[in-house]
Amino acid sequence: GGGRAGPGLSAVCLCCRERVRAMFYHAYEHYLESAFPYDELRPLTCDGQDTWGSFSLTLIDALDTLLILGNVSEFQRVVNVLQEGVDFDIDVNASVFETNIRVVGGLLSAHLLSRKAGVEVEAGWPCSGPLLRMAEEAARKLLPAFQTPTGMPYGTVNLLHGVNPGETPVTCTAGIGTFIVEFATLSHLTGDPVFEDVARKALKALWKNRSDIGLVGNHIDVITAKWVAQDAGIGAGVDSYFEYLVKGAILLQDKELMSMFLDYNKAIKNYTKFDDWYLWVQMYKGTVSMPVFQSLEAYWPGLQSLIGDVDNAMRTFLNYYTVWKQFGGLPEFYNIPQGYTVDKREGYPLRPELIESAMYLYRATRDPTLLELGRDAVESIEKISKVDCGFATIKDLRDHRLDNRMESFFLAETIKYLYLLFDPDNFIHNDGSDFDVVVTPYGECVLNAGGYIFNTEAHPIDPAALHCCRKRKEEHWEVEDLMREFYSLKKTKKFTLKRPSDPGEGESAKDPEDTEKAGEKRSPKKSSHSVLSCPSQSFNSKLAVLGQVFLDNT
Amino acid sequence: ILLIFSCSRAKDVTMPAKLPVSFFSARSPVIDLFRGQLDYAEQLRQDSEVVLYFFYAPWCGQSIAAREEIEHVASRLSDQVLFVAINCWWNQGKCRKQKHFFYFPVIHLYHRSFGPIEYKGPMSAVYIEKFVRRVMTPLLYISSRSKLLDFLSNYEPGVVGYFEFNASPQPPGYLTFFTSALHSLKKDYLGTIRFGVITDKRVAQEISLEHSGSVYLHRHANTSLIYPKDIMNYTAENICKWALENREMLIRWLRPHGGKSLLLNNELKKGPALLIFIPYDPLAEIHPLLDEITKVALEYHKCNKSQAAEPDLQHLGDTDSPAFDSSVTDAHLKLSEPLSITKYPCCNTVVLPQWHSISRTHNVCELCVNQTLGVKPNKVHVPHCNFLEIEAALDSFYLQEHTFFQVISNTIECSNFLSFYSPFSYYTACCRTVNRHFLSFLSSEKTIFQTPKVAFSSHGKKGNTQFSIPHIEDRNCFIPDFNVSSMNITGLSCRTNKTLNLYLLDSNLFWIYAERLGASRSTHLKEFAAIVDMKEEVHYVLDQNQSLVGPTLENFIKNFSVLYSPLKRHLVDEPSAPFQEQRVLTEVTTHTFREIVFSSEKNVLLLYYAQWCGFCASLNHIFIQLARLLPPDNFTVARIDVTRNDLPWEFMTDRLPTILFFPHQRKEQSVKFPEDFSVNLPNLLKFILHHSSLSASEPCTKECQHKESVLQQGHISHLEREIHKLRSEISALHQAHDQLEAQLSEARRDEQRLQQQKHTLEKQHKTLQLHSEQLQATYDQKNQELLEMAEKLQELADASENLLKENALLRILVASREGKLQSRDEIKEPLQSEQTLSEDNDVSPSTATARLEEKKIDNIDTIETEHSSGNRTE
């Protein structure tokens, strides 16, 4: 059944949006009161604990959510608190992956949004600023992890001493391929190419080590490049690698990254997709190893909608939504044939992925079903996990027992995506009708024109900012020359489009064997259209709402 | 152990789920078993005829939304129906332990012992109430002729049972029939098949039911059927199945349930579909608009001109239904008049499948069953059809189908063939060929071989048409009535090659589909009709200025059916595109496309985009920069969101983003930005420069000079803007410089401060060193003292040892003295008393010395302890 008969959608939106806002403040204020300066709030015991380091993680993570909710004054206060209080010169073993997506990503997005939030920025902004310096400092602490023979990073690094002697060389795929968004942004803003270089090198190493059937496994030895866990799928351990190939391609207009993703996508469809579910298979043989759906996989429909595969995205989303309806949340693992949770994996730590996909899909389809999921999520989280001190992780979805944790992504992602789902006029959804013009010492920039790329911890990055600081003077003079041409009657005809010898930003020429291989596979398709584009929607997509799906859209 | 236990527990604190609380308010007419007491719910069921179970989960948004609706229904029906809500989530509850639901809420209905009947319809109070009422009275009692007529004239299929109640309290088979009605609600949760019961013999005779226990399925377009009791077992399941399989679907309600479903996909794949959106209240007594629409549907499907299907209604003589006695004047029907198969009792219309699509003819056959020999015991005058016979006839017919394909003539040819199943009957098949051109009076003067203009090209043809002079279809095309007046809708579905399937949608629930198809959002009347042709990827919309009534609908269908259809593809556009001149990027919609792109006197760069496409959104800033850079008098940078704005085929693209340039004065020669180039400012400028239409070779006239001066003027203003920009850049640089300066001076100050701090620290270091030396000295001294003390102690210990030795010697001395004294006593007894005295004197000093020694040892002990404690404090 469905509650479609209810009142107007805009009323539902508004009501739910305000409930989400209240949820945010319930959690946020209790964090400040009981847990700050620890990383996370423990909602059952009303105290704090350090989990991923000691950086007041929840505060960093929640910072841009404050702005999305429109709370400018608190944003400004927190920026000051962070500048004074956070120190990365600490003897702590930190996860390279988590530190990057939560700390570096959080600081970068806060830096880029700070002008919008009314923070008085310095003259070089967005190419300099205190938050950017903090992000850079944090990222530099991670660089030692990338010094391996393969270029793939270790999973853990000591912030003071670098990689610990005897550190395990086994890293999960996502822990290797989830840097390009933050690191390329850092390189473009600061002008130091080292970050983007190490991120690209790691991505290429993974691409090189894919199996013959085009899949990657779950864990790899970064010294020997041998796959340690050979399960291939789209969920835990791999997820954000695929996500960053797409988002990196969009952010950097990079055809090479996109071609990699499209090849993976083909293999994933061939081997792991069954009835709009995605299973786990052996990476060399393609045989099914685990017929499970993981909560973390629910980002996939959102990613598909970004590249225009809206029909498939919606079909998969509707599958995942049935699991939510069964439990009031998504279990970490869901056995598809049995239709039930998997032993020891029954928890739901208030993850954002399904809501994230709903937000992307709602942009594309405006389907009220997606708002329904949002409403269900608000009801479930409030009814099940709200406690006096915040919102508690659901330890077991079968009986809704609660655990003493509130992960920082609850405020960074879950709440943010929920709010954005119900707030279609938020500045984040800007379609380019609004923009800011900023004069920097490097020239004039158009910023905040929409198209924000969310990193995997839901920290938005303005793609325009990447073209602001990096703007080379040659390009500027070239544009100047061209403009002169516009105002003269006698065309010199010297300006014609020349085919760039090196497409994209990447140094694809450096690895001839690999590009050749990739090029061979794609050659028939490549000629027809650019990989950096979406297909336009088919006729029947007009009617593909309220659960209706259509077959063979050709 | 206890301590360790509590420690480890403090590490992972968990909390069980909150105890369930009531879900419905205490005043609610719904009984709320929020602890999931399923057993109690079962008990409650014994007392009530009809029970509704509402299984919910307290956290579930759908359950919460449905709660109000259920309460509303309960408040209206609580005197007749028991409403029980059961929390089927709480894991201590009976319900959770016994039931395993994949979604919530689940609504189950029981009619006495029959059930559960699951309600799967929309979660809206009116629909639920309607369904509950159907469960309460699954059989409609038909007491009179007029009621029978009402019952049968409804567009939804009706099943009538005839039972004589005078013989026994309950005639045989009645219970089965009753159960089958309930059973059908299980299968057909929308409740499209209605069940009625007749008890009056005379009323039953109207539909030629003579025997108590007969079951009759009414059909409008084809012959009605009687349940074949002698062939199929008379069970509730079978009756229900039979009715579902043989019912007519002239017009169908579409009610998507909200979950993932292929409903629309499957229905639209069947061919072009007419979707009619009307607001529908299931509880309303009358539905005038619906009646009107179904009348059109009935006419449209009425291929069998024999009227055989409607005799009973005809001679009931009710004036209510003019559709049934509509006189037919169509030329086609004159032609079909010789085909009077009224003499055949039992007929079905069959449209033969087409062999090839170019065929302009259509084979329509009337298939009738002839019962030659009066062998059958119950001979009836009025058509009385056994569905099995028709079925068998169809089977036989299709086996011989090939013989009919050759028939291409304007006359009707009939052939008889024997049934494979029964020796007593044969079938008559009368087929005629209907020329499709015949349908269209427009084509009367054209030859049959003329190739029709391709009105709708597909995506792929875009390349060819790109440079042709564009035309944009007029979306508000009004079709004059004379266009179609000569054609009749009756039986059109069989005469056209563009047969429509008809569907109804409740606009209270599914208006979103209408909006998607272009229903105007301003209208408050939620009525809308559209023809969707999925194969051709087009749809047509009934002019929304006309009200949705029978005649307009008929015209709409007719206009679609003719060969050169006057209908135009409908282009959906953005609902409320705010047209703002001062925007940097000009937003184009379906409406403004022509005006902005073609009519304007400027060069136009047009970006096709979609908001959801990541590759488009990240280019926004480049286009904004471009628009700010280009001289606004000569250039427009525009964009169109193609998800929300349909365009004529020739302007559609299949990839996004696509960039087209329409040069001024040569708008028809649009060029596409090559896809293998990266989209950036210099590339776009080069592209525009390359294709913009300023010819340089012309000799310079006055006009040209004027042009040049204008251009120069533009250049000057551009340069001025540049200078302004540079100025602000310089000021920004100054600011940055100041900032750096400030930072530098601060850094210097910091350095100085640090230097000072260093000095003070060094000083402190020195004093500390001194201090530490002093401490070392004291330490040595103390150590020395300690050693001395130890030596003294050693001396004392030695002294005490000497004393001990002395003591021992003294003891020995005393013992020997005593021995001597004793021996002397034995010899000199009489001297005893004196001796004892002297002995006393002797002993006392020795004990005194012993005591003294003890004291000494004590003393040493205390010294030793004092010493050690002193050591500790030191």
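Residues numbered from 1 in each chain as written. Chains lettered and ligands numbered in written order. Predicted model: local features only at pLDDT ≥ 70, side-chain atom pairs only at ≥ 80, totals over all residues. Heavy atoms only, no water.

Quick look at the overall build of chain B now. Of the regular secondary structure elements, chain B holds 25 helices and 27 strands. Residues classed as buried in chain B amount to 46% of the 874 residues present. For chain B, long-range pairs separated by at least 24 residues make up 74% of all intrachain contacts whose partners lie at least 6 apart in sequence. Per element, the accessible surface of chain B, about 46200 Å² overall, is 54% carbon and sulfur. (Helix = DSSP H or I, 4+ residues; strand = E, 2+ residues; numbered from the N terminus. Buried < 20%, exposed > 50% of the residue type's maximum accessible area, 1.4 Å probe, protein only. Contact = heavy atoms within 4.5 Å. Areas by Shrake-Rupley, 256 points an atom, 1.4 Å probe, with all protein chains shown as cover.)

Quick look at the UniProt feature "binding site: Ca(2+)" (unreviewed entry) in chain A now. Residues and elements named next belong to chain A. As recorded in UniProt, the feature "binding site: Ca(2+)" (unreviewed entry) lies at T456. The residues touching T456, leaving out its near neighbours within four places in the chain, are I101, T178, S240, E243, Y244 and E413. Here E243 takes part through its side chain, which lies 3.0 Å from a polar atom of the side chain of T456. (UniProt positions renumbered as here; feature names shortened; annotations may be inferred. Polar contact = N/O pair within 3.5 Å; in protein donor to acceptor, adjacent residues only side chain to side chain.)

This brings us to the interface of chain A and chain B. Taken residue by residue, the interface counts 128 residues in chain A and 114 residues in chain B. Of the roughly 10600 Å² buried where chain A meets chain B, counting both sides, 60% is carbon and sulfur surface. Run the count over chain A and chain B and you get 5 salt bridges. Between D431 of chain A and R639 of chain B there is a salt bridge, and its shortest N-O distance comes to 3.7 Å. Between the two partners, chain A and chain B, sit 36 residue pairs in polar contact (both at pLDDT 80 or more). Among the elements that make up the side of chain A that touches chain B, the one with the highest residue count is helix 17 (residues 473–486) of chain A (11 residues). For strand 24 (residues 534–535) of chain A and strand 25 (residues 655–656) of chain B, the ladder comprises 2 bridges, and the chain directions are antiparallel. Among the inter-strand pairings, C534 of chain A is bridged to a residue of strand 25 of chain B, identified as L656 of chain B. (Buried area = accessible area lost by both parts, 1.4 Å probe. Salt bridge = Lys/Arg side-chain N within 4 Å of Asp/Glu carboxyl O. Pairing = 2+ DSSP bridges.)

Residues and elements named next belong to chain B. Turning to its location among the elements, L109 is positioned in strand 5 (residues 106–111). Along the backbone, L109 and L52 are 57 residues apart, and their C-alpha atoms lie at a distance of 4.6 Å. When neighbours within four sequence positions are excluded, L109 is seen to be in contact with V51, L52, F114, G115, P116, I117, Y119, F131, V132 and V135.

All names here are of chain A. Scanning the model with the defined rule gives 5 disulfides over all chains in all. Across a sulfur-sulfur distance of 1.8 Å, C445 and C468 are joined as a disulfide pair. Between C445 and C468, the S-S torsion sits near 95°, and that sign places the bridge as right-handed. Here C445, found in strand 21 (residues 443–447), pairs with C468, found in helix 16 (residues 463–469); they are 23 residues apart in sequence, far enough to count as distant. Taking relative accessible area as the criterion, C445 reaches 4% and is therefore assigned buried. (Disulfide = S-S within 2.5 Å.)

A few words now on unusual backbone geometry. Cis peptide bonds are those with omega within 30 degrees of zero, and the linkage from G115 of chain B to P116 of chain B qualifies with 0°. With omega at -5°, the peptide bond leading from L656 of chain B into P657 of chain B counts as cis. Mapped onto the elements, P657 of chain B comes out in the loop between strand 25 and strand 26 (658–662). Residue A225 of chain A is not a glycine yet carries a positive backbone phi of 60°. Along the chain, A225 of chain A falls in the loop between strand 6 (219–221) and strand 7 (227–229). The exposure class assigned to A225 of chain A is buried, which follows from its relative accessible area of 19%. For H400 of chain A, which is not a glycine, the phi torsion comes out positive at approximately 60°. In this fold, H400 of chain A is placed in the loop between strand 18 (394–396) and strand 19 (401–403).

The terminal C-alpha atoms of helix 14 (residues 368–385) of chain A lie 25 Å apart, and with 18 residues this matches the ideal 26 Å at 1.5 Å per residue to within 8%. Extensive coverage of helix 14 of chain A is indicated by the burial of 16 of its 18 residues. (Expected span 1.5 Å × (residues − 1).)

Another point: the packing of aromatic side chains. Residue and element names in this part refer to chain A. Enumeration over the complete set of coordinates arrives at 60 aromatic pairs over all chains. Measuring from ring centre to ring centre gives 5.9 Å for F146 and F183, while their planes differ by 45°; the resulting arrangement is tilted. Note that F146 is positioned in the loop between helix 5 (130–142) and strand 4 (156–158) and F183 in helix 7 (residues 180–190), a separation of 37 residues in sequence. The rings of W207, Y241, F242, F261, Y264, Y278, Y299 and W300 are connected pair by pair, giving a single aromatic cluster. (Phe/Tyr/Trp six-rings, centres within 6.5 Å; stacked < 30°, edge-to-face > 60°.)

What follows concerns the nonpolar core. Judged by nonpolar contacts, the single largest core of 252 residues is most densely connected at F55, F183, F242 and F410 of chain A together with F593 and F623 of chain B. A domain split of this core shows at least three residues from each of domain 1 (31–124) and domain 5 (586–692) of chain B. Core analysis: the next-biggest nonpolar cluster, separate from the first, contains 107 residues, A66, A85, L139 and Y513 of chain B among them. (Core = buried A, V, L, I, M, F, W, Y, C linked by side-chain atoms within 4.5 Å. Domains from an automatic or database assignment.)

This part takes up the pattern of salt bridges. Scanning all chains against the criterion turns up 48 salt bridges over all chains. One salt bridge connects R77 of chain A with E74 of chain A, and the closest N-O pair in it is separated by 3.0 Å. Here R77 of chain A and its partner E74 of chain A are both found in helix 3 (residues 72–85), 3 residues apart, which amounts to about one turn of the helix. The partly exposed category is assigned to R77 of chain A, whose relative accessible area is 38%. Among the ionic pairs, D39 of chain B bridges to K94 of chain B, the shortest N-O distance being 3.5 Å. Placement of the pair is D39 of chain B in helix 2 (residues 38–45) and K94 of chain B in helix 4 (residues 94–98), with a sequence separation of 55 residues.

Residue and element names in this part refer to chain A. Sequence positions flagged by UniProt for "active site" (unreviewed entry) are, in local numbering, E98, D239, E332 and E353. Note on placement: E98 falls in helix 4 (residues 96–113). Excluding anything up to four places from it in sequence, E98 contacts W52 and V103. Here E353 lies in helix 13 (residues 353–365).

Right, let's talk about the sheet that holds strand 21 (residues 538–541) of chain B for a bit. Residue and element names in this part refer to chain B. Reading across from one edge, 12-19-13-20-21 is the order of the 5 strands in this open sheet, with mixed pairing throughout. Unpaired on one side and paired on the other, strand 12 (252–253) and strand 21 mark the two borders of the sheet. Pairing between strand 13 (residues 273–278) and strand 20 (residues 528–533): 5 bridges, direction antiparallel. Across the sheet, the residue bridging to L275 is A530, located in strand 20. Across the sheet, helix 18 (residues 507–516) touches strand 13, strand 19 (501–506) and strand 20, and the angle it forms with strand 19 is around 120°. (Axes fitted to C-alpha atoms, helices over the stretch in contact; angles between N-to-C directions.)

With that out of the way, let us pick up a negative patch on the surface. On the surface, a cluster of negative charge is made up of E785, E788, E791, E795, D798 and E801 of chain B. Structurally, E801 of chain B can be placed in helix 24 (residues 702–827). (Patch = residues over 30% accessible without salt bridge, like charges linked within 9 Å, V, L, I, M, F, W, Y side chains within 5 Å. Lys, Arg positive; Asp, Glu negative; His and termini not counted. Charge placed at Lys NZ, Arg CZ, Asp CG, Glu CD.)

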